[in-house]
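# Summary of structural features
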Amino acid sequence: MKFLDKRNNEIKEAFSIKVKEEKVYIKFTENGKEYAYKRENIEVLAEETNKVDKCPFVIYRLTKHCYKCQKDTSILTYIVFDDGTNQDVTFPWDKRRLLRNQNLEAHFLDSSIEYYGLKVIGGDEQLDEFLMEKFPEKIQRRYSNIQKRSYPMNLCDHCGAIQGWNYVYRQVNEMIKDMQEIERLEE
């Protein structure tokens, strides 16, 4: 990734660039320190070689309370039907179709959620790979003690703690059950 430092008119190379409100956060190496710049001093330059193809599915953003640092963090995920089609689940939610592929065994063991027939991040390797490529700083393959496997997960915006499949799946189920609309990521 490249950016223009407007203070001295220099083009510089960065490992990652995050734009948040009035600041731009830049890392020059993968494990390096993150530097904050005033937004008006930085111009992110588009690079065709780093550009990821248009997303073949809707990317949703929801807010979740991080279990570790107790701050609100953003979660990026797809929500697709788990009926072999991988079609986007969109608002208003088609609960009838979601219930056709409901995980009844899980629902009987824990009736606190519906266990709708849907997949979220961590549920489809091909879709997960796309998200990791598109958002390499936000979504990374990590190990889950609950699932005893490594898979792509969101990392907390504040402390970097993993935000695993179980919690994302549960929150999406609850929001669909309550007919709450989930924010679509603007691209």
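Quick note: structure is the one above.
In this report, we go over the structure that sits alongside the text.

Rules behind the numbers
- Residues numbered from 1 in each chain as written.
- Predicted model: local features only at pLDDT ≥ 70, side-chain atom pairs only at ≥ 80, totals over all residues.
- Heavy atoms only, no water.
- Pairing = 2+ DSSP bridges.
- Helix = DSSP H or I, 4+ residues; strand = E, 2+ residues; numbered from the N terminus.
- Axes fitted to C-alpha atoms, helices over the stretch in contact; angles between N-to-C directions.
- Phe/Tyr/Trp six-rings, centres within 6.5 Å; stacked < 30°, edge-to-face > 60°.
- Buried < 20%, exposed > 50% of the residue type's maximum accessible area, 1.4 Å probe, protein only.
- Contact = heavy atoms within 4.5 Å.
- Salt bridge = Lys/Arg side-chain N within 4 Å of Asp/Glu carboxyl O.
- Disulfide = S-S within 2.5 Å.

### Brief notes about the sheet that holds strand E6 (residues 42-45)
Strands sit in the order E2-E1-E6 across an open sheet of three strands; the sheet is antiparallel. A single partner strand is all that each edge strand has here, and the edge strands are strand E2 (10-13) and E6. This sheet shows a mean twist of 30 degrees between the axes of neighbouring strands, independent of strand direction.

### Focus: the packing of aromatic side chains
Summed over the entire model, instances satisfying the criterion amount to nine aromatic pairs. Residues Phe57 and Tyr78 carry aromatic rings whose centres are separated by 5.6 Å and whose planes lie at 75 degrees to one another, so their mutual orientation is edge-to-face. Placement of the pair is Phe57 in the loop between E6 and strand E7 (60-65) and Tyr78 in the loop between strand E8 (72-77) and strand E9 (80-81), with a sequence separation of 21 residues. Summarising the burial analysis for this pair, Phe57 and Tyr78 share the class buried. Ring pairs connect the aromatic residues Phe3, Phe28, Tyr35 and Tyr37, which therefore count as one cluster.

### Re the environment of Leu155
When you line up the elements, Leu155 lands in strand E12 (residues 149-155). Each C-alpha atom, one on Leu155 and one on Ser16, is 15 Å from the other, the two residues being 139 residues apart in sequence. Residues within four places of Leu155 in sequence aside, it is in contact with Thr73, Glu137, Lys138, Gln140, Arg142, Gly160, Ala161, Ile162 and Gln163.

### A closer look at the pattern of salt bridges
Oppositely charged side chains are able to pair whenever their charged atoms sit close together. For the coordinates displayed, the defined rule picks out ten salt bridges. For Asp5, the salt bridge goes to Arg7, with nearest N and O atoms at 2.8 Å. Between Glu174 and Arg170 there is a salt bridge whose closest N-O contact spans 4.0 Å. Residue Glu174 and its partner Arg170 are located together in helix H4 (residues 165-177), separated by four residues, close to a single helical turn. Each of the salt bridges in this network shares a partner with another, and the network as a whole consists of Asp5, Arg7 and Lys12.

### Digging into the side chain of Gln171
With respect to the helices and strands, Gln171 occurs in helix H4. In contact with Gln171, other than residues within four places in its own chain, are Leu62, Thr63 and Lys64.

### As for the sheet that holds E8
Where strands meet in a sheet, backbone hydrogen bonds hold them as pairs that are either parallel or antiparallel. Spatial strand order, E8-E7-E14: three strands in an open sheet with antiparallel pairing. Strands at the two margins of the open sheet, each flanked by one partner only, are E8 and strand E14 (183-184). Pairing geometry for E7 and E8, over six bridges, is antiparallel. By the bridge assignment for E8, Thr63 is matched with Ser74.

### A short note on the state of the cysteines
Summed over all chains, the structure comprises zero disulfides. As a non-bridged cysteine, Cys69 has Cys156 as the owner of its nearest cysteine sulfur, 3.7 Å distant. With a relative accessible area of 23%, Cys69 lands in the partly exposed category. The thiol sulfur of Cys159 is not disulfide-bonded, and the nearest other cysteine sulfur, from Cys66, lies at 3.8 Å. In this structure Cys159 comes out as partly exposed when scored by relative accessible area, which is 35%.

Keep in mind these values describe shape, not function.
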